[in-house]
Structures are given as structure tokens and as C-alpha cells.
Amino acid sequence: MHVPDGFFDAPTSVATGLIAAGAVGFSLQRANREIRETGPALAGLTAAFVFAVQMVNFPVGAGTSGHLLGGALAAALVGPWTGVLVMSTVLLVQGLLFADGGLTALGTNITLMGLITVLVGYFITRALLQVLPRRTGSVVPATTVGALVSVPVAALAFTGLYAIGGAVDIPIGKLATAMVGWHILVGIGEAVITAAVLGAVVATRPDLVYAARHLQPDLILVDADGNTSTVSPDKPIAAKPAGRLFGIGIAVTLVVAGGVSLLASAHPDGLEFVGAKLGFESAAKSSAVAGSPLADYGVSGIGNAQVSGALAGIIGVLVTIAVGLTIAKVASLRANKAS
């Protein structure tokens, strides 16, 4: 789903750039409460983990692959507004250092992958939590559905943007059918990965999961006469320090980026596949940073492809953690000033 330069005309790219900039600015203001509950470290780790797992393309059939988008997962872990910042961090690092997605298309990618997937995934998660049993375990199935739906919705949003400012004249109905159809399959993979990761965290530290911290059990009050009443807490519990778990998380993230990513499918992703089939792939232009020493997730000058890929993944994780922490700290400083 990383959109390259050239797929959209200039007005559409400018418009999505303004939407993305507005979303990031708004999220910096609204992420205050979310970051106060956990601190910036979890946001940095989440960004790095999403970056690492996005390197692992999985096959979805007929010579096509997909990878985790991560918006619904990020929203469930750190909250929707911090989730937007997390996804924007990932896309910024990918675009600037690895030439993954175009620079003029950065606003488009943030809008599709960093805003729509986060908000759609989180809205569905919160809606389902209203009807599911009020317990932390309900977060996993609710977010899994949100993750599944968020991917084809983002694909449909891409189709809408293409109808407005696509570079090549193609039948929009065919584009919508192909994009949504393939990305439903990608969404299934997204749901499986989201369920596995979120399930592991909820099982060990539910207080670190933003969506779960708002599901405190009701308090049962008993008066002197034995009458009972139920009180629902209106404040989320704050996360306890989790230095050991963060260490494990960073280690797992480095293993995924520096090892598991080497097993990724080499097939084109859903957008590339559809572009080739419908004839608009030729509109893609090389990124302005295509000559980066880390372009295409390899370190230039290293002849061994596996070593090059592993080092690139590790560098990407470390840079993403640093950028994610910096952005989260900026948001937390805003919180301190506001309080």
C-alpha cells in the first residue's frame, strides 16, 4: 500500500499532504492523555515494531503479497492519536531513508495508512467493545475485526483518491473491485498478526494496552444492610513500569527486522499487483531518495544480500525508535504545559 510518486496529480498530492499535516498536528495535541498514561517509551517501541513487521511480506496468492499496515494494532496499544503519530513516524522513516513510498506521496501514505487505518480500526474496536463482555480479553477480538476492516477501507480510499487525481485513465469500477478484493486477503493477514501480537501483550501486561486499560471491572459496593450497587470507574488505570518487557520487545523487534524479514515474500504487494494488471504501474516515478545508502532495505556497499538486509532492518528499527521517542516526548511536553 506504499504509494509511489507519480500515481496522483499535484493537486491531489498537495491536498493529502495538507490532510496529513493537519492530522499530525491535531494528534500532537490530542495525544497528551494517552502518553501520560504510559510515557513515550511505548510509543517508540510500537513504531519500531510496526516498522519491523512491515518488512515481512506474506503471500496472499496468485503471485501477490501483503504486509501488516499496523494502524489498528497501534491504536489499540497506544491510543488513536498516538497511533497516528506512530504510523506517521514509520512512514517518514521509510520514505526518507529507505525510498519506500514517494516523497511527494508521503502525505497520501500518511492519510491512507497512518490516519484512515488507525481511525477506522479504533472506531470499530471501540464500537465492538460496547457490546462485548466488559473485560480485557474482549480487546483482542474487537481489534482483530478492526484490523481486518481497516485494510480494505484504506484500499477503497485509495480508489477514491485515484478517481479524483489518478495519473492514468482506467475504469474506476475495476480498480475498486481489484483493490478491495486483494486487500480483503491482506486484511486477513493483518487480522491474524494483530490478534497474535495483541493477545500476547494483553495476556502478560493488559495495563500496557490502551484499549484494555479502559475496561476496569465494575466495583461492587455493599452497604450496611447488605444492599449492593455497581459503580463503573471512569478513569483508566495507569500503566506500571515495564522495563523488562520493553527490553524483550526491543529484542523481538530487532530479530524480526534483522532476521525474519529475510524470509519475506518477494512477490509484489497488492497495490503493485493491481497497478501492473490495470496498467497504471508505469506512472510510478522513482523516489527523490532512491540513491539513499539504505534504499530498498539494503545497505549499499555490502555485497552479501542477507547481511545487507539484516543491517538495514536493524538500523531502521533504531532510527524509528529514536524518532518515535522524540515525537512522543514533544507531545508529552505539550501535556505538561497544558497541565
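Predicted model, so just to flag it, every value in this text is computed and none were measured. (Residues numbered from 1 in each chain as written. Predicted model: local features only at pLDDT ≥ 70, side-chain atom pairs only at ≥ 80, totals over all residues. Heavy atoms only, no water.)

Asker: Give me the overall build of the protein chain: which residues, what numbers.
Answerer: Secondary structure summary: the protein chain contains 12 helices and 4 strands in total. The C-alpha atoms of the protein chain give 20 Å as radius of gyration, which agrees with the globular expectation for 339 residues (20 Å, within 12%). Out of the 339 residues belonging to the protein chain, those deemed buried represent 53%. Long-range pairs, those at least 24 residues apart, make up 79% of the contacts in the protein chain between residues at least 6 apart in sequence. Here the protein chain displays about 14,500 Å² of accessible surface, and carbon together with sulfur accounts for 66% of that area. Between the averaged position of the 17 positive side-chain charges in the protein chain and that of its 16 negative side-chain charges there is a distance of 8 Å. (Helix = DSSP H or I, 4+ residues; strand = E, 2+ residues; numbered from the N terminus. Rg over C-alpha atoms; globule rule 2.2 N^0.38 Å. Buried < 20%, exposed > 50% of the residue type's maximum accessible area, 1.4 Å probe, protein only. Contact = heavy atoms within 4.5 Å. Areas by Shrake-Rupley, 256 points an atom, 1.4 Å probe, with all protein chains shown as cover. Lys, Arg positive; Asp, Glu negative; His and termini not counted. Charge placed at Lys NZ, Arg CZ, Asp CG, Glu CD.)

Asker: Tell me about the nonpolar core, residues and numbers included.
Answerer: Residues F51, L73, V139, L198, V209 and V317 are the most contacted members of the largest nonpolar core, which totals 58 residues. One finds F8, I110, L112 and Y162 within the second-largest nonpolar core, a separate group that totals 31 residues. (Core = buried A, V, L, I, M, F, W, Y, C linked by side-chain atoms within 4.5 Å.)

Asker: Mind laying out the environment of G102, listing which residues take part and the relevant values?
Answerer: As for its position among the elements, G102 is in the loop between α5 (80-97) and α6 (106-129). On the basis of relative accessibility, which here comes to 3%, the residue G102 falls in the buried class. Each C-alpha atom of the pair G102 and A284 lies 9.0 Å from the other, and the pair is 182 residues apart in sequence. When near neighbours in sequence (up to four residues on either side) are disregarded, G102 contacts V3, P4, D5 and N109.

Asker: With reference to specific residues and values, describe the pairing of strand β1 (residues 58-61).
Answerer: Two elements, β1 and strand β2 (residues 64-66), share 3 bridges in a ladder whose sense is antiparallel. For P59, the partnering residue across the bridge sits in β2 and is S65. In this structure, the hairpin formed by β1 and β2 is closed by a connection of 2 residues, where A62 is found at a positive phi of approximately 55°. (Pairing = 2+ DSSP bridges.)

Asker: If you had to explain helix α11 (residues 270-278) to someone new, which residues and values would you point to?
Answerer: Within α11, the full set of buried residues consists of G270, L271, F273, V274 and G275. At the N-terminal end of α11, a side-chain oxygen is found 3.2 Å from the backbone nitrogen of L271, two or three residues along, and the residue is D269. G279 occupies a position one or two residues after α11 and carries a positive phi of about 90°. (Polar contact = N/O pair within 3.5 Å; in protein donor to acceptor, adjacent residues only side chain to side chain.)

Asker: Can you break down the packing of α6 against helix α7 (residues 139-165) residue by residue, with the values?
Answerer: Closest axis-to-axis distance for the α6/α7 pair is 7 Å, and the angle between their directions is 145°. The hand of the α6/α7 crossing is right-handed. For the pair α6 and α7, contact is made by T108, L112, I116, T117, V120, G121, I124, T125, L128 and L129 and by V139, A142, T143, V145, G146, V149, S150, V153, A154, A157, F158 and L161, respectively. Considered class by class, the residues forming the contact of α6 with α7 number 15 nonpolar, 7 polar and no charged. (Axes fitted to C-alpha atoms, helices over the stretch in contact; angles between N-to-C directions. Left-handed = near helix turned anticlockwise from the far one by under 90°. Nonpolar A, V, L, I, M, F, W, Y, C, P; charged D, E, K, R; others polar.)

Asker: Go over the packing of aromatic side chains, please, and point to the residues and values.
Answerer: According to the stated counting rule, one finds 12 aromatic pairs in the structure shown. Ring geometry for F51 versus F98: centroids 5.4 Å apart, planes at 50°, classification tilted. Highlighted residues: F51 in helix α3 (residues 40-54) and F98 in the loop between α5 and α6, separated in sequence by 47 residues. Each member of the pair, F51 as well as F98, is classed as buried. For the pair W182 and F273, a centre-to-centre distance of 5.0 Å together with 70° between the ring planes defines the contact as edge-to-face. One end of the pair, W182, is in helix α8 (residues 172-204); the other, F273, is in helix α11, with 91 residues separating them in the sequence. Owing to a relative accessible area of 19%, W182 belongs among the buried residues under this scheme. Three or more aromatic residues joined by ring pairs make a cluster, and in this case those are F7, F8, F158, Y162 and F280. (Phe/Tyr/Trp six-rings, centres within 6.5 Å; stacked < 30°, edge-to-face > 60°.)

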